[in-house]
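Structural description and commentary
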Amino acid sequence: MMGQEKVTLMPYSFSDRRNVTAGKKCVSPAEGGNISDYFSLFPSRFPWSPRDTRREPRGGRESAALGWSSAAELGWAPGLEGAHVPHCQKDQMSNSSSITEFFLLTLADTRELQLLCFWLFLGIYLAALLANSLIITAIACDHHLHTPMYFFLLNLSLLDLGSISSTLPKAMANSLWDTRSISYAGCVAQLSLFSFLLGAEYFLLTVMAYDRYVAICKPLHYGILLGSRACVHMAAAAWGSGFLNAVLHTASTFSVPLCQGNAVDQFFCEIPQILKLSCADSYLREAGLLVVSACLVFGCFVFIVLSYVQIFRAVLRIPSEQGRHKAFFTCLPHLAVVFLFVSTTIFAYLKPPSISSPSLDLMAAVLYSVLPPAMNPLIYSMRNEELKDVLKKLMQSVVCQQQ
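Quick notes on the rules
- Per chain, residue numbering runs from 1 following the sequence as it is written.
- Side-chain atom pairs in this predicted model are given and counted only at pLDDT of 80 or more, local residue features only at pLDDT of at least 70, and totals for whole chains, interfaces and linings cover all residues.
- With hydrogens and water set aside, each side-chain value is computed from the structure's full complement of heavy atoms.
- Working definition: helices are DSSP H or I runs of at least four residues, strands are E runs of at least two. Numbering for both runs from the N terminus.
- Here the term buried applies to any residue with accessible area under 20% of the maximum for its type, exposed to any over 50%, and partly exposed to those in between, with areas from a 1.4 Å probe on protein chains only.
- Any two residues whose heavy atoms approach within 4.5 Å are treated as being in contact.
- Expected span, for any helix, means 1.5 Å times one less than how many residues it has.
- Two axes enter the definition of the bend at a residue: one is fitted to the seven residues ending there, the other to the seven starting there, and the bend is the angle between them.
- Here the term cavity refers to a set of points on a 1 Å grid, laid over the protein atoms alone, in which a 1.4 Å probe fits but cannot get out; the term pocket refers to an open set having protein on both sides within 12 Å along at least five of seven lines, with lining residues being those that place an atom within 4 Å of a point.
- Grid points are joined across faces, edges and corners, and a volume is the space filled by probe spheres set on the points.
- Polar here means any residue outside two lists: the nonpolar Ala, Val, Leu, Ile, Met, Phe, Trp, Tyr, Cys and Pro, and the charged Asp, Glu, Lys and Arg; Gly therefore counts as polar.
- Scored between 0 and 100, pLDDT is the confidence that the predictor attaches to each residue.
- What counts as an axis is a line fitted to C-alpha atoms, over the stretch in contact for a helix, and the angles between N-to-C directions run from 0 to 180 degrees.
- For this classification, under 35 degrees means roughly parallel, over 145 means roughly antiparallel, 65 to 115 means roughly perpendicular, and everything else is oblique.
- Crossings are assigned a handedness: left-handed for a near helix turned anticlockwise from the far helix by less than a right angle, right-handed for a clockwise turn.
- Pairs were defined over the aromatic rings of Phe, Tyr and Trp, the Trp ring being its six-membered one, requiring ring centres within 6.5 Å. Orientation was assigned from the angle between planes: stacked under 30 degrees, edge-to-face over 60, tilted for the rest.
- Two cysteine sulfur atoms make up a disulfide if the distance between them is within 2.5 Å.

1. Thoughts on the overall build of the protein chain
- When helices and strands are tallied, the protein chain shows 12 helices and two strands.
- Along the protein chain, helices (α) and strands (β) appear in the sequence α-β-α-α-β-α-α-α-α-α-α-α-α-α when read from the amino end.
- Taken across its 403 residues, the protein chain has 41% of its residues classed as buried.
- A sequence separation of at least 24 residues applies to 69% of the contacts in the protein chain between residues at least 6 apart.

Structure representation (structure tokens):
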């Protein structure tokens, strides 16, 4: 037909409209299109020739006019010329409301490696669960640890427990049962929960840097600046900031129309991978929100760096070598946790696109989502004699009760 542009559909799937742009009209054979062009695009679905009336199509009775049975999927009924269904243009851009589930990336290609990943993740998860639970119990039960530093450490362990529990259990279940699917509601819940806990942990690490700054640079004002009420307010601000971050990003991410299918190239639902499924030029609002969040993250990072610059200056002015070592080792666990958290996150999100690949993205996601929650308890308890003594007493009391 003159003045009418034909649209080439992607092969193997009538419902796939990824390359169909808005404003164009689907042209069926009944409206002048060449039917052989359609069959050349779908060799696996239509292995027969449209003019071969000797073979029975797979969908039902053979159409004498066309010789195939899935013509209705193209938006028109076989044998009824001109009966073009008007919803063809409506389906050009699929919406996220039509997606009922997503398919996550498998951790391994073979069944043996999937089971190996399951046991490996199970060991990491149980170790993180045990270590963080011990720290929470020790801080809550021993009144000697009821100080601002350990109060923030308790909150950090709670966030680590939630963070690793939002991603690993589903990945382990998929590896064990050899599945990939996650429901739409489950994906929304996983993304929002992980964003909430990840954002809250970063803000809490910023607050903990301020705690170390006041303890070393202004020790005489420590009780005033970091009283019990101030600590509760700062911890609540960190949790609240993470919650606001999660609500904004989740609402913005899933309000974007998804046109690129439902296969997520990650072992859990995360914002960049969901945005890869969106329609072209439809994620600008979420991109703007990501820029604002990046500015806040950078601001917190600058605050942490400036705090430690002042801390190191104060430590170097301490006259005794023993005092310098004690002050330095007080800050070392927090500095190591910040470095682990920031370095793995930067590697996951800011690595060059030229080196990006599904396997590398998977490894980067494991580094920033699994490694910090499992390593943080070990880092904080490694050189903290006070915490180790409380943990020993706690373990001894548990053993005595069992005997």
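Moving on from the coordinates now.
2. Observations concerning helix H3 (residues 148-177)
- Between its terminal C-alpha atoms H3 stretches 44 Å, which fits the 44 Å expected from 30 residues at 1.5 Å a residue.
- By the largest-angle criterion, Ser165 marks the main kink of H3, which is about 30°, and a proline, Pro169, follows within four residues.
- In terms of residue burial, H3 counts as a mostly covered element, since 21 of its 30 residues are buried.
- Just downstream of H3, Asp178 is the residue with a positive phi angle, here 55°.

3. Topic: the layout of surface pockets
- By volume, the largest pocket amounts to about 1500 Å³.
- What lines the largest pocket is a set of 45 residues, among which Pro272, Leu290, Ala294, Thr345 and Tyr349 lie closest to the centre.
- Elements with a contribution of two residues or more to the lining of the largest pocket: helix H4 (184-217), helix H6 (228-254), helix H7 (271-275), helix H8 (284-316), helix H9 (321-350) and helix H10 (358-369).
- Of all the elements, H8 adds the most residues to the lining of the largest pocket, at 11 residues.
- Partitioned by chemical class, the residues of the lining of the largest pocket number 31 nonpolar, 10 polar and four charged.

4. A word on the confidence of the model for the protein chain
- Scored by pLDDT, the protein chain has a mean of 75; 73% of the residues are at 70 or more.
- Every residue in residues 1-31 scores below 50 in pLDDT, and together they form 68 contacts with partners more than four places removed in sequence or on other chains.
- Low pLDDT, under 50, characterises residues 33-97; the predicted model gives this stretch 116 contacts beyond four residues in sequence or across chains.

5. Some details on the packing of helix H2 (residues 111-141) against H3
- Packing of H2 against H3 brings their axes to within 9 Å, and their N-to-C directions diverge by 160°. Judged by the angle between their axes, H2 and H3 are roughly antiparallel. As for how H2 packs across H3, the hand of that crossing is left-handed.
- A breakdown of the residues in the contact of H2 with H3 according to their chemical character gives 23 nonpolar, six polar and two charged.

6. What about the packing of aromatic side chains?
- What the rule picks out here adds up to 16 aromatic pairs.
- Centre to centre, the rings of Tyr308 and Phe312 are 6.0 Å apart; their planes meet at 45°, and the pair counts as tilted. Taken as a pair, Tyr308 and Phe312 lie in helix H8 at a separation of four residues, close to a single helical turn.
- Its relative accessible area of 3% is what places Tyr308 among the buried residues.

7. Details of H9
- Of all the bends in H9, the greatest reaches close to 35° and is centred on Leu332; the proline Pro333 follows between one and four positions later.
- Looking only at H9, the buried set comprises Ala327, Cys331, Pro333, His334, Val337, Val338, Leu340, Phe341, Val342, Thr344, Thr345 and Ala348.

8. Focus on the state of the cysteines
- Evaluation of the coordinates by the stated rule reveals one disulfide.
- Paired through a disulfide, Cys187 and Cys269 show a sulfur-sulfur distance of 2.1 Å. The sign of the -125° torsion about the S-S bond sets the Cys187-Cys269 disulfide as left-handed. On the criterion of sequence distance, the pair formed by Cys187 in helix H4 and Cys269 in the loop between H6 and H7 is long-range, its members being 82 residues apart.
- With no disulfide of its own, Cys331 lies closest to Cys217 among cysteine sulfurs, the gap being 8.4 Å.

9. Let's talk about the side chain of Thr167
- Assignment of secondary structure puts Thr167 in helix H3.
- What makes Thr167 buried here is its relative accessible area of 0%.
- Excluding residues within four positions of it along the chain, Thr167 makes contact with Gln190, Phe194, Phe267 and Phe268.

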